[in-house]
Amino acid sequence: MNIKEKKFVLALILAIMPGVALAESTIMEELGSKAAKAAMDQLKFEKGDSNILVLTDAGYAQIGDQTTQRALKGIMTETGANEGDGNLLRVLRPYFKPLWFFFFNKSTGEAVYMQVDGKSLNKSLEEFKALSDDQVFSKISKANVDLNYMLNHTDEGNATFNKAAFNGNEFSLVSIANIWAQPESTFDFLQATCFHDHLCPGVTSGYMLAKYMEDKLPITNSSESYKVVAIPQWCKDDLMQIRWDATPGKSGMFVMALTDAEKSALKAKYNQTDVAGIYIRWNDTAKQGDALVLGFNWTSMYGLTGTANWKGPSWASKLVMDVRMMDYWNKPEVAVTTLKEFKVDSGKLAMLQNAGMHPLKVAGVL
Ligand SMILES: [Zn+2]
């Protein structure tokens, strides 16, 4: 190829490339729009209806090597749902999981789940626009997911959960939708649960532990931050990563497991309270901090929420607990206790974080 020919090919590539990228994005936007229109038809709502919640993994899931965030634009344009109004939430999924959309109408309890058939996107925009919903979505599934409704119609609840109406996303979507629908629900909590994938009593315990810590050892200046030694780990720890920006990569969180023997020894020692971790308010200028070893008493939480001897359908126990735990979001002391309090300097901090050490032994609680 001579220089002239090379220049011609380059010009050709440059002319085509933006067009290709644009067509792909437009199909993705059209996909969001198709999902929204189908949901508006199935759940009978108009643009701007504040009873509607949209959950999706758009922006996380990829189709081939294509990112999917443009689908959000189609959803927002058609339904009016958006992050600012807190009724469009993105639920974390790995990139290799399917792309789905979930629409929930809190005025009726009805919801529709749509999973995208990735192959349907390999088309021109015109061809894609002409596809029917059944050709674009490999699954379209409608159910009433209001918790009270399902408890009164257990056959329908059983069908939703036992037949995987939402392709394995049942607990994730139903839990987030039901808490979102409560008037006392808060955006910060929903945001953390979307990072966690689902809304469970475990992530709720994280909300209570965080609020307890924030009350006992509040952040008072810009040199301070929270550091967490999550030992043992459970769902709570994902909430703190978001809430406190306490991420492992920035040394905000160290996560360690305990053996079953260690867990039962601790439970016996601390009156049936589970050790939740070591929470440090660290001052990075003074290079010192204050630490609390906190415990969470699940026995009292089961008692307070009336779920200790759950007799109802198995899929409902955590959902019921989620809703009833809302009463205690701002009363963490009903389940959270300080097991130990101590001062931390740089040396102690290093010991608490070091793989060769046992942080609960360093803290003197085991
Ligand atoms: Zn969880």
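Residues numbered from 1 in each chain as written. Predicted model: local features only at pLDDT ≥ 70, side-chain atom pairs only at ≥ 80, totals over all residues. Heavy atoms only, no water.

### Observations concerning the side chain of H196
On the secondary structure map, H196 appears in helix α8 (residues 187–196). Looking at H196, its side chain comes within polar contact range of the side chain of D238, at 2.8 Å. Here H196 is in contact with V203, C235 and D238, once residues within four sequence places are set aside. (Helix = DSSP H or I, 4+ residues; strand = E, 2+ residues; numbered from the N terminus. Polar contact = N/O pair within 3.5 Å; in protein donor to acceptor, adjacent residues only side chain to side chain. Contact = heavy atoms within 4.5 Å.)

### Side note on the sheet that holds strand β9 (residues 253–255)
Taking strand neighbours across the sheet as the criterion, the five strands line up as β9-β8-β10-β11-β12 in an open arrangement whose pairing is mixed. Edge positions in the open sheet fall to β9 and β12 (336–345), since each of these has one partner strand only. Strand-to-strand twist across the sheet, computed as the mean angle between neighbouring axes with direction ignored, equals 15°. Both strand β8 (residues 224–230) and strand β10 (residues 274–283) contribute to a ladder of six bridges, which runs antiparallel. Across the sheet, the residue bridging to E224 is N283, located in β10. In the packing of helix α9 (residues 201–216) onto the sheet, the strands contacted are β8, β10, β11 (288–296) and β12, and the crossing angle to β11 comes to about 140°. (Pairing = 2+ DSSP bridges. Axes fitted to C-alpha atoms, helices over the stretch in contact; angles between N-to-C directions.)

### Let's talk about the coordination of the zinc ion
Only H196 (NE2), H198 (NE2), C200 (SG) and C235 (SG) from the protein reach the zinc ion as donors, at distances of 2.1 to 2.4 Å. Around the zinc ion sit four donor atoms, and with donor-metal-donor angles ranging over 89 to 145° the site reads as irregular. In terms of primary sequence, the donors binding the zinc ion are separated according to H-x1-H-x1-C-x34-C. With a gap of 39 residues between them, H196 in helix α8 and C235 in the loop between β8 and α10 (236–243) connect regions that are remote in the sequence. (Donors = N, O, S within 2.8 Å, 3.2 Å for Na, K, Ca; no water. Tetrahedral: all angles 85-135°; square planar, octahedral: opposite > 155°, others 65-115°.)

### Some thoughts on the domain arrangement of the protein chain
Parsing the protein chain into structural domains produces domain 1 (3–196) and domain 2 (201–362). Centre-to-centre, using C-alpha coordinates, domain 1 lies 33 Å away from domain 2. Taken residue by residue, the interface counts 23 residues in domain 1 and 20 residues in domain 2. Note on domain 1 versus domain 2: buried area summed over both sides is about 1900 Å², and carbon and sulfur give 81% of it. Among the residues domain 1 hides against domain 2, the three largest losses belong to F189, F195 and H196. Together they make up 30% of the total. Put simply, domain 1 and domain 2 have one salt bridge between them. At the junction of domain 1 and domain 2, the tally comes to five residue pairs in polar contact (both at pLDDT 80 or more). Elements supplying a minimum of two residues to the side of domain 1 that touches domain 2: α5 (147–152), α6 (154–162), α7 (170–180) and α8. If one sorts the elements of the side of domain 1 that touches domain 2 by residue count, α8 sits on top with seven residues. Counted by class, the side of domain 1 that touches domain 2 contains ten nonpolar, eleven polar and two charged residues. (Domains from an automatic or database assignment. Buried area = accessible area lost by both parts, 1.4 Å probe. Salt bridge = Lys/Arg side-chain N within 4 Å of Asp/Glu carboxyl O. Nonpolar A, V, L, I, M, F, W, Y, C, P; charged D, E, K, R; others polar.)

### Some thoughts on the packing of aromatic side chains
Applying the stated criterion across every chain yields a total of 14 aromatic pairs. Here Y113 and F166 contribute two aromatic rings whose centre-to-centre distance is 5.7 Å and whose plane-to-plane angle is 35°, an arrangement assigned as tilted. One end of the pair, Y113, is in strand β6 (residues 110–116); the other, F166, is in the loop between α6 and α7, with 53 residues separating them in the sequence. Take F166: its relative accessible area is 0%, and that puts it in the buried class. By way of ring pairs, the aromatic residues W100, F102, Y113 and F166 are connected into one cluster. Cation over ring: K211 sits above Y207, and NZ or CZ is 4.6 Å from the ring centre. (Phe/Tyr/Trp six-rings, centres within 6.5 Å; stacked < 30°, edge-to-face > 60°. Buried < 20%, exposed > 50% of the residue type's maximum accessible area, 1.4 Å probe, protein only. Lys NZ or Arg CZ within 6 Å of the ring centre and 35° of its normal.)

### A few points about the sheet that holds β6
Spatial strand order, β4-β1-β5-β6-β7: five strands in an open sheet with mixed pairing. Of all the strands in the sheet, just β4 (88–90) and β7 (137–144) have a single pairing partner and so form its edges. Neighbour-to-neighbour, the strand axes of the sheet open up by a mean angle of 15°, direction not taken into account.

### Focus on the packing of α8 against α9
Put simply, α8 and α9 touch, their axes get as near as 11 Å, and they point 135° apart. For the element pair α8 / α9, the angle class is oblique. The interaxial crossing formed by α8 with α9 has right-handed handedness. On α9, the residues touching D188, F189, T193 and H196 of α8 are V203, T204 and Y207. In terms of residue class, the contact of α8 with α9 is built from three nonpolar, three polar and one charged. (Parallel < 35°, antiparallel > 145°, perpendicular 65-115°, else oblique. Left-handed = near helix turned anticlockwise from the far one by under 90°.)

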